Amino acid sequence: MEDTTNNLSKLKLLIVEDDQEFQEACRAILESDFCITQTFTFFDAKRLLRTAPFDVVLLDLILPDGDGLSLIRTIRKSNQKVPIIVITGDHDLDVEVEAFKEGATDFFNKPLDFQLLLKRIHVILKLSAFDTQVKPPLKQLKKTSVASQAASFPKMLVVDDESGPALTFQMI
């Protein structure tokens, strides 16, 4: 495990990857935008995720001491909503589907386009910010506004006068 950047104003990104060259390539592309923490193992990743918040996780599926799908399950069971981007050399569509079912946010096959990865991370983080900052107030608005607005709507009354049946709406 290696903390390569110590800038508190940057978003925190965890790279869980056992291939050191690939990990370093990711770091080189991403370190200008993110505070990078790197680990090579499933065990260290679990420990890091329990002790520090991360804004995004880049995760290889095949690790020396565990598999990435299990780590996704562990993260989601702990109710962490951190975006998880899977990066793997396994080009099996069933594995990709399983990763999404377990809670992956995105999925890349190696070799990958690092500039595309960077763009996708930024998009995912914007969507994540929307989910945490905008959606909760919208949900609360939906819960309260219908009930509170219904009380303020004018009441309508159907009136039948002596000249025959006529509908008259009267505000009361």
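Not measured: the values here are computed from a predicted model. (Residues numbered from 1 in each chain as written. Predicted model: local features only at pLDDT ≥ 70, side-chain atom pairs only at ≥ 80, totals over all residues. Heavy atoms only, no water.)

**Quick look at the overall build of the protein**
Our working definition: Secondary structure elements are defined from DSSP: runs of H or I of at least 4 residues count as helices, runs of E of at least 2 residues count as strands, and each element is numbered from the N terminus. Residue burial is assigned from relative accessible area. The probe radius is 1.4 Å, only protein chains are included, and a residue is buried under 20% of its type maximum, exposed over 50%, and partly exposed in between. Contacts between residues were defined by any pair of non-hydrogen atoms, one from each residue, lying within 4.5 Å. Here the Shrake-Rupley method, with its probe set to 1.4 Å, supplies the accessible areas, and only the displayed protein chains count as covering residues.
Counting its regular elements, the protein contains six helices and ten strands. Each of the 172 residues in the protein was classed as buried or not, and the buried ones make up 33%. Sequence-distant contacts, at least 24 apart, represent 55% of the contacts inside the protein between residues at least 6 apart. Accessible surface computed for the protein: about 10600 Å², of which carbon and sulfur atoms make up 58%.

**A word on the packing of aromatic side chains**
Aromatic ring pairs are described here by two measures, namely the spacing of the ring centres and the angle between the planes. Condition: Centre distance within 6.5 Å is the pairing criterion for rings of Phe, Tyr and Trp, where only the six-membered ring of Trp is used; planes under 30 degrees apart are then read as stacked, over 60 as edge-to-face, and the remainder as tilted. Lysine and arginine charges are scored as sitting over a ring when NZ or CZ, respectively, is within 6 Å of the ring centre and within 35 degrees of the ring normal.
Tallied over the full model, the rule gives two aromatic pairs. Seen from their ring centres, Phe-22 and Phe-114 are 5.6 Å apart, and the 40 degrees between their planes marks the pair as tilted. Of this pair, Phe-22 sits in helix H1 (residues 20-30) while Phe-114 sits in helix H5 (residues 114-133), and the two are 92 residues apart along the sequence. When the ring centre of Phe-22 is taken as origin, the NZ or CZ atom of Lys-110, which lies over that ring, is 4.6 Å away.

**A look at the environment of His-91**
Here is the rule: Under this definition, polar contacts are N or O atom pairs within 3.5 Å; protein pairs additionally need one hydrogen-donor-capable and one acceptor-capable atom, and for neighbouring residues in sequence, both atoms have to be side-chain atoms.
Residue placement: His-91 occurs in the loop between strand E7 (84-88) and helix H4 (93-102). Put simply, His-91 and Asn-109 are 18 residues apart on the chain and 6.3 Å apart in space, counted from C-alpha to C-alpha. In this structure, His-91 is in contact with Asn-109 and Lys-110, ignoring residues within four places of it in sequence. Among the polar contacts listed, one links the side chain of His-91 to the backbone oxygen of Lys-110, at a separation of 2.9 Å.

**Regarding the pattern of salt bridges**
Just so we agree on the cut-off: Put simply, a salt bridge is a Lys or Arg side-chain nitrogen that is within 4 Å of an Asp or Glu carboxyl oxygen.
Counted according to the given criterion, the structure contains seven salt bridges. For Arg-73, the salt bridge goes to Glu-102, with nearest N and O atoms at 3.2 Å. Linking Arg-73 in helix H3 (residues 68-77) with Glu-102 in helix H4, this pair joins segments that are 29 residues apart in sequence. By relative accessible area, Glu-102 is classed as buried at 19%. Among the charged side chains, a network of salt bridges with common partners joins Glu-17, Asp-60 and Lys-110.

**Points about the pairing of strand E4 (residues 56-59)**
We apply this condition: Paired strands, as defined in this entry, are two strands with at least two bridges between them according to DSSP.
Burial along E4 is two-sided: Val-56 and Leu-58 and Val-57 and Leu-59, pointing in opposite directions, are all buried. Looking at chain direction, strand E2 (residues 11-16) and E4 are connected through four bridges and run parallel. Bridge pairing in E4 places Val-16 opposite Leu-59. The pairing of E4 with E7 spans three bridges and is classified as parallel. Looking across to E7, one finds that Leu-58 is bridged to Ile-85.

**What about the nonpolar core?**
Convention followed: Among the buried residues, those of types Ala, Val, Leu, Ile, Met, Phe, Trp, Tyr and Cys that are joined through side-chain atoms within 4.5 Å form a nonpolar core.
Grouped together as the largest cluster of nonpolar side chains are 22 residues, with contacts concentrated most on Val-16, Leu-59, Leu-71 and Ile-72. Among the elements of the structure, E2, helix H2 (42-51), E4, H3, E7 and H4 are those that each provide at least two residues to this core. With near-sequence residues (within four places) excluded, Val-16 lies in contact with Thr-39, Thr-41, Ala-45, Val-57, Leu-58, Leu-59, Asp-60, Leu-63 and Leu-71. Core analysis: the next-biggest nonpolar cluster, separate from the first, contains 18 residues, Leu-13, Phe-34, Ile-36 and Ile-121 among them.

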